[in-house]
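Structural overview for review
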Amino acid sequence: MDQAEKLRSMVKSQEGATKEPAKRLARVITVTSGKGGVGKSSIAINLAMQFRKKGKSVIIFDADFGLANIEVMFGAIPKYNLADMIFRGKGFKDIIVEGPEGIGFISGGSGINGLGNMNREQVQYLVYKLKELETLADIIIIDTGAGISDSVLEFVASSGEVILVTTPEPTSITDSYALLKALNARESFDAEICKIKVIANRVLNYDEGKNLFSKLEVVVTKFLNINLSFLGVIPMDMNMSKSIMQQKPVTMAYPNSAGAKAIERITEGLLENKEAEGPKRNSLARAVANIIKNGFKSK
Ligand SMILES: Nc1ncnc2c1ncn2[C@@H]1O[C@H](COP(=O)(O)OP(=O)(O)OP(=O)(O)O)[C@@H](O)[C@H]1O
Ligand SMILES: [Mg+2]
């Protein structure tokens, strides 16, 4: 058995081991984009706030290992991150910090970069812990970095539900297409399981957002085996950037602003969407397991 095979069988046996008793798994929503700076983190945080308002427990997992942007927007800096759990024996109670409204927040830190160097026991432990995490909240929102790095694609491919954020800038549309193309080519991606929902952010009006979606949909339907759905628009709203300066989500600082209202409508749409209530997979655990496997493969 090579190392990748060993890992696969290890992850499989883990899956079997945790099958009973069946626990309720979180709905995992991954927020991503082709281009950077389009509003992923703002959307992740404000969706979390809106889900909280509807009585859901929420954890945000910051898988953007570059900049600590959720931390800044949240005004809650975690003392420990995922790497501290894997390598230094910290538990969820140490690495989950509580932000506004009791939203949990976990920083991936530089943990994922070190995943390829983990030994067998560490991998086992991480996958096991991530499965546990998926029983701790109703909803887990993963905020990814932009672009088509392996780890972003793996988080996206492993999620049942993906929010793709795009804006009217021409490069944002082409970068969204590039991300979907890379995703489509990925072994672990299954268009039947992974539903991709588009938000048009920073638009002037609904029509601009809808047109933006239609443009993307035309090329995606023509060239890729992916179905997109339209989740809605968020208008250009200066309150969104103002609230960041105040380190508060716009939903909290300006609850009646156009941006906050748009995110509220999007959240309601997501909650009405019954398809997401279907069979769940341990998506976080799967993502990390796949990142590790691919890391081993490419060595
Ligand atoms: N609808 C909006 N109207 C006005 N400004 C917005 C809107 N959405 C996001 N912004 C602003 O755009 C900037 C980038 O947003 P954000 O950091 O959420 O993007 P990101 O996609 O997470 O970026 P990165 O790729 O760097 O992680 C922020 O200053 C934010 O306030
Ligand atoms: Mg971000």
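The coordinates are above.
Worth saying up front: this structure is predicted, and the values here are computed from it rather than measured.

**Quick notes on the overall build of the chain**
A count of helices and strands for the chain gives 13 helices and eight strands. Within the chain, buried positions represent 46% of all 299 residues. Put simply, 81% of the contacts in the chain that link residues at least 6 apart link residues at least 24 apart.

**Concerning the site of ligand 1**
The full set close to ligand 1 counts 20 residues, and Gly36, Gly39, Lys40, Ser41 and Ser42 are the nearest of them. Secondary structure elements with two or more residues in the shell around ligand 1: helix H2 (40–53), strand S7 (195–203) and helix H10 (238–245). The class makeup of the residues in the shell around ligand 1 is six nonpolar, 10 polar and four charged.

**Let's talk about the packing of H2 against helix H12 (residues 258–272)**
To describe two helices that pack against each other, one gives the angle between their axes and the distance between the axes. Here H2 crosses H12 at 65°, and the two axes come no closer than 9 Å. When the axes of H2 and H12 are compared, the pair comes out roughly perpendicular. Crossing angle aside, the handedness with which H2 passes H12 is right-handed. Only Ala260, Ile263, Glu264 and Thr267 of H12 make contact with H2, whose side of the interface consists of Ile43, Asn46, Leu47, Gln50 and Phe51. A class-by-class count of the residues in the contact of H2 with H12 yields five nonpolar, three polar and one charged.

**So, the nonpolar core**
Of all hydrophobic cores here, the largest spans 77 residues; its most connected members are Ala48, Ile60, Ile140 and Ile141. In terms of residue count, H2 provides more of this core than any other element does, seven residues in total. For Ile141, the residues in contact, after removing those within four places along its chain, are Ile29, Val31, Ala44, Leu47, Ala48, Val58 and Ile60.

**Overview of the packing of helix H8 (residues 170–184) against helix H9 (residues 206–223)**
Where H8 contacts H9, the axes come no closer than 10 Å and their chain directions differ by 35°. For the pair H8 and H9, the sense of crossing is right-handed. For the pair formed by H8 and H9, the contact residues are Ile173, Ser176, Tyr177 and Leu180 on the first element and Leu212, Lys215, Leu216, Val219 and Val220 on the second. The class makeup of the residues in the contact of H8 with H9 is seven nonpolar, one polar and one charged.

**Focus: the pairing of strand S5 (residues 139–143)**
Sheet faces and side chains relate simply in a regular strand, where the side chains alternate between the two faces. Across the five residues of S5, five count as buried, placing the element largely inside the fold. Burial along S5 is two-sided: the face carrying Ile139, Ile141 and Asp143 and the face carrying Ile140 and Ile142 are both buried. Relative to S5, strand S1 (residues 27–32) runs parallel, the two being bridged by five bridges. By the bridge assignment, Arg27 is partnered in S5 with Ile139.

**Some points on the sheet that holds S1**
Strands sit in the order S3-S4-S2-S5-S1-S6-S7-S8 across an open sheet of eight strands; the sheet is mixed. Bordering the open sheet on either side are strand S3 (97–98) and strand S8 (228–235), each of which pairs with just one other strand. The pairing of strand S2 (residues 58–62) with strand S4 (residues 104–107) spans four bridges and is classified as parallel. By the bridge assignment, Ile59 is partnered in S4 with Gly104. Against the sheet, H2 engages S1, S2, S5, strand S6 (161–166) and S7, with an angle of about 170° to S5.

**Notes on H9**
Across its 18 residues, H9 extends 26 Å between first and last C-alpha, which sits within 8% of the 26 Å expected from 1.5 Å per residue. Buried within H9 are the following residues: Gly209, Leu212, Phe213, Leu216 and Val220. In a view along the axis of H9, the buried residues occupy a sector of 95°, so they form one face of it. Every exposed residue of H9 that faces more than 90 degrees away from the buried side is listed here: Asp207, Ser214, Val218, Thr221 and Lys222.

Calculation criteria
Residues numbered from 1 in each chain as written. Chains lettered and ligands numbered in written order. Predicted model: local features only at pLDDT ≥ 70, side-chain atom pairs only at ≥ 80, totals over all residues. Helix = DSSP H or I, 4+ residues; strand = E, 2+ residues; numbered from the N terminus. Buried ≥ 20, exposed ≤ 12 C-beta atoms within 10 Å, placed from the backbone. Contact = placed C-beta atoms within 7 Å. Near = placed C-beta within 6 Å. Nonpolar A, V, L, I, M, F, W, Y, C, P; charged D, E, K, R; others polar. Axes fitted to C-alpha atoms, helices over the stretch in contact; angles between N-to-C directions. Parallel < 35°, antiparallel > 145°, perpendicular 65-115°, else oblique. Left-handed = near helix turned anticlockwise from the far one by under 90°. Core = buried A, V, L, I, M, F, W, Y, C linked by C-beta atoms within 7 Å. Pairing = 2+ DSSP bridges. Expected span 1.5 Å × (residues − 1). Arc of directions from axis to C-beta.

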